[in-house]
Each structure stands twice: as structure tokens, then as C-alpha cells.
Amino acid sequence: MDVYLFLIAISFVLFFCSFVLHHVNPTSLFTDLAILLFILSVGLIFFATLLNHFERFTFWLIVPIAIFFLILAVFWLFILVIMVFVNTRAVLKRECFSIGNLLPLFSLIGFVVLELILFLLQHYYGDVRVVKMMLVFIHSTIGYIILLFSLYTFTAVYYKWMPTFKKIDYILILGSGLIKDQVTPLLAGRIDAGMQFFKKQKVKPMIIVCGGKGADENISEAEAMKKYIVENVENYESDLPIYLENQSTTTEENIQFAEKVVQEQDQRDLKKANVAIATSTYHLLRAGKLAQQLGIRAFGIGGKTKLYYIPTAFIREFIGYIVLKKRTNILIVSFLLLFAIISNLF
């Protein structure tokens, strides 16, 4: 009974923490860490209750789950290699050949080579103190990156499906480049997602299309996006005003300059408004984090992305997140290095 009460108390604390963190910063990885721990604690209570009242049923329920994770633990690298090669082949077949599109393959090769080097160092020089320290540091850093990537992935999924109950004042649709002054399929997905969300709102929000003019483009992304909305969106109301933010070249500038547009057009502060950002699903979390850093709490609207392209794009976004939070990451890695040094001094 004491264990039950403890788990229930922990669950309530975690639920309260996740609720508060969600309202303060829905893009924070700590928010979703609290949610994951809450789900885990509820799961433990559920299984403990089953075990207490239905012991045999619980046993047969746990066995296949345990077998699944055992197989995954033994063959995870083999499964990962197959998935990465299949994905890379699909990307190169449908998209252009570029270093960016080879990121999953390069990441896998780098990881395998690194693990092989660490294995050889452990086997031949495992008794050398400096090597021990290096192995502890590298393994702990790899563990940190895996944990960070897992939390980032869960947060990205949560942020996309996070419910929106407030009246939205502005929808920011972020640009992603043009082809001969026409919106790309990727950008069309962002616009379509933003407009579908717009249609569902009882009180219609203002739409801001964001994107400047590239060196090889005759018009700005914002102008091309507005043209696409007028020509392709069903039941488009011709008197619907669409604000154009046509100076930006990056995601951060999209949001910064959109804020200036709102100040000029409506004399409102975007930081005090309810904002939704429409962009590609894989890009959604980092866009939300950039908005949060600028003091704007935004909800996310994820545009459809071809399934084969998500791993490549998501790894790129994760690298962008690491750079975005470089100070925090440098601090944590420095702590891991200090831990490795201290653990090998005694």
C-alpha cells in the first residue's frame, strides 16, 4: 500500500509539473520529460494493480513485451542499418544528390566507426588511465546525445499534436524557397496546413505569409505564397487581408519581421497575442523554440512531409537545435568531461 501511495503521489506531482511547464514553455524538453515520467508512473501503477489482482494474466501480457525488447536489444544495430540504407536509397531516388540528404547514412557510419575505435581502445589499452577517462567521457557524451535526441523527438511529436483551445489571433506561414517564382510542394504543404487550420477557426485570425526574395527569384516568397492562396485555396474570401512579411531569409527573421508587420499594421504586440506557426512537421519544434526565445508563445501547425524525407530533415533540425542551445550543451558536455576526469582519479 505504501508503494501505491508513493507512485500515486509521484504521478500527481509529475502531472502538476508537466501542466505548469506546458503553459510556461510548451517547446521545452523538460515539459515532455515530465510528461514521459508521468506516463511511466501511471504505467507502473497499472501494472502493479494488474499483478496484484491478475497475476497470471499480467505474466502473459509482460512476456511478449519482454521478448520484443530483447529482440530489439540484440538486433537494434542490424535493424537500424537496414532502415538507414532503405531510407537513403529512397531519398536519393526522389530528391537531388547532396550532403544534406546523406546525413542519416553519414551519422550511422560515424557512429559505427566510433564504436569500433572505442572497442579496440578498450581491448588493447583498457588499463591505461587516460584511455579509461576518454572512454568514460565519450560513452557518457554518446548517452547524452541519444537521450537528447529521444526527448527532442518526443517533444516534436507532442508539439505537433498539442491541443489549441485559445482563440488564435495570427497564423504565421513560414517560407521554404521557390522554384521559378512558384511555391514548391514542401511550401504548398505548409500553406495548405495553415489554411486548413484557418478554416476551422470560428473567429478568423489574421494570416501572415513570411519569406523574402532570394538571389535567383523574381518575387518574394511571401508574394508567391499569397498568390498560391488566392489561386488554389477553396472558398477563399477575396476580401480576406493577408499580411506580407517579405524581408526575411531565415526562420528567426520570419518571426522577428512578422512581429514588426503586426506592430505596423495592427499596432499590436505579437508577444501578447495568441499565435500559431505553420511550417513543415519536422521543422515545427525548432521554429516554436525560436519563437519562444523571442518571447512569443506559439502553437504549431505541421504541414505534410513525404515520409521518406523525414529522417534526413529531422536529423538536420536536431543539429540545428544543438547549435541553438550550444551554451547549454557545452556546459553539460564540460560537466561530463569533469566527471570522467574525477572518476578516474580515485
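Our structure is the block above this text.
These numbers were taken from a predicted model, which means no experiment stands behind them.

### Some points on the packing of aromatic side chains
Then step 1. Under the counting rule described, the total for this entry stands at 9 aromatic pairs.
Then step 2. Here Phe15 and Phe38 contribute two aromatic rings whose centre-to-centre distance is 5.5 Å and whose plane-to-plane angle is 50 degrees, an arrangement assigned as tilted. Here Phe15, found in helix H1 (residues 2–24), pairs with Phe38, found in helix H2 (residues 29–53); they are 23 residues apart in sequence, far enough to count as distant.
Then step 3. Owing to a relative accessible area of 23%, Phe38 belongs among the partly exposed residues under this scheme.
Then step 4. Geometrically, the ring pair formed by Tyr152 and Tyr321 is tilted, given 5.0 Å between the ring centres and 40 degrees between the ring planes. Of the two residues, Tyr152 is situated in helix H5 (residues 129–161) and Tyr321 in helix H10 (residues 310–324); the sequence distance between them amounts to 169 residues.
Then step 5. Taken together, the ring pairs in this structure connect Phe149, Tyr152, Phe314, Phe318 and Tyr321 into an aromatic cluster.

### Considerations on helix H8 (residues 251–266)
Then step 1. The terminal C-alpha atoms of H8, which comprises 16 residues, lie 22 Å apart, in line with the 22 Å expected from a rise of 1.5 Å per residue.
Then step 2. Contacts made by the buried residues of H8 are with strand S1 (170–174), strand S4 (206–210), strand S5 (242–245), strand S6 (275–280) and helix H9 (284–293).
Then step 3. Of the residues trailing H8, Gln267 is marked for its positive phi of about 55 degrees.

### Section: H2
Then step 1. Taking 1.5 Å per residue as the helical rise, H2 with its 25 residues ought to reach 36 Å, and the 36 Å between its terminal C-alpha atoms agrees with that figure.
Then step 2. Buried residues of H2: Leu29, Thr31, Asp32, Ala34, Ile35, Ser41, Ile45 and Leu50, and no others.
Then step 3. In this structure Ser28 caps H2, since a side-chain oxygen of it lies 3.1 Å from the backbone nitrogen of Phe30.

### Some thoughts on the nonpolar core
Then step 1. Among the nonpolar cores identified, the biggest contains 67 residues, and Tyr170, Ile171, Leu172, Val183 and Ile191 are the most heavily contacted of them.
Then step 2. For this core, the element with the highest residue contribution is helix H6 (residues 185–200), accounting for 7 residues.
Then step 3. Discounting residues that sit within four places of it in the chain, Ile191 has contacts with Ile173, Val183, Met225, Tyr228 and Ile229.
Then step 4. Among the nonpolar cores identified, the runner-up in size contains 6 residues, and Leu118, Val131, Leu135 and Ile142 belong to it.

### Remarks on the pattern of salt bridges
Should the charged atoms of two oppositely charged side chains come close, the side chains can pair.
Then step 1. If you walk through the whole model with that rule in mind, you get 4 salt bridges.
Then step 2. Note that Arg268 is salt-bridged to Asp169, the shortest N-O span being 3.6 Å. In this pair, Arg268 sits in the loop between H8 and S6 while Asp169 sits in the loop between H5 and S1, placing the two residues 99 residues apart along the sequence.
Then step 3. Judged by relative accessible area, Arg268 falls into the partly exposed class, the value being 34%.
Then step 4. Overall, the relative accessible area of 11% leaves Asp169 in the buried class.
Then step 5. Glu259 is the salt-bridge partner of Lys271, the closest N and O atoms lying 2.5 Å from each other. Taken as a pair, Lys271 in the loop between H8 and S6 and Glu259 in helix H8 lie far apart in primary sequence, 12 residues in all.
Then step 6. Look at Glu259 and you get buried, because its relative accessible area is 10%.
Then step 7. Through salt bridges with shared partners, a single network forms among Lys167, Asp169 and Arg268.

Rules and cut-offs
Residue positions within a chain follow its written sequence, with the count starting from 1. In keeping with the predicted nature of the model, local features appear solely for residues at pLDDT of at least 70, side-chain atom pairs appear and are counted solely at 80 or more, and the whole-chain, interface and lining totals rest on all residues. Hydrogens and waters are ignored; side-chain quantities use all the structure's heavy atoms. Ring geometry is summarised as follows: Phe, Tyr and Trp rings, the Trp one being its six-membered ring, pair when their centres sit within 6.5 Å, and such pairs are stacked at plane angles under 30 degrees, edge-to-face over 60 and tilted between the two. Helix numbers and strand numbers start at the N terminus; a helix is a DSSP run of H or I with at least 4 residues, a strand a run of E with at least 2. Only protein chains enter the accessibility calculation, which uses a 1.4 Å probe; a residue is then buried when its area is under 20% of its type maximum, exposed when over 50%, and partly exposed in between. In a helix, the anticipated span is given by 1.5 Å times the number of residues less one. By the convention used here, residues are in contact when the closest approach between their heavy atoms is within 4.5 Å. Definition of a polar contact: a pair of N or O atoms within 3.5 Å, with one able to donate and the other able to accept a hydrogen when the atoms are protein atoms, and with sequence-neighbouring residues admitted only if both atoms are side-chain atoms. Buried Ala, Val, Leu, Ile, Met, Phe, Trp, Tyr and Cys residues that are joined via side-chain atoms within 4.5 Å together make up what is termed a nonpolar core. In the sections that follow, a salt bridge refers to a side-chain nitrogen of Lys or Arg positioned within 4 Å of a carboxyl oxygen of Asp or Glu.

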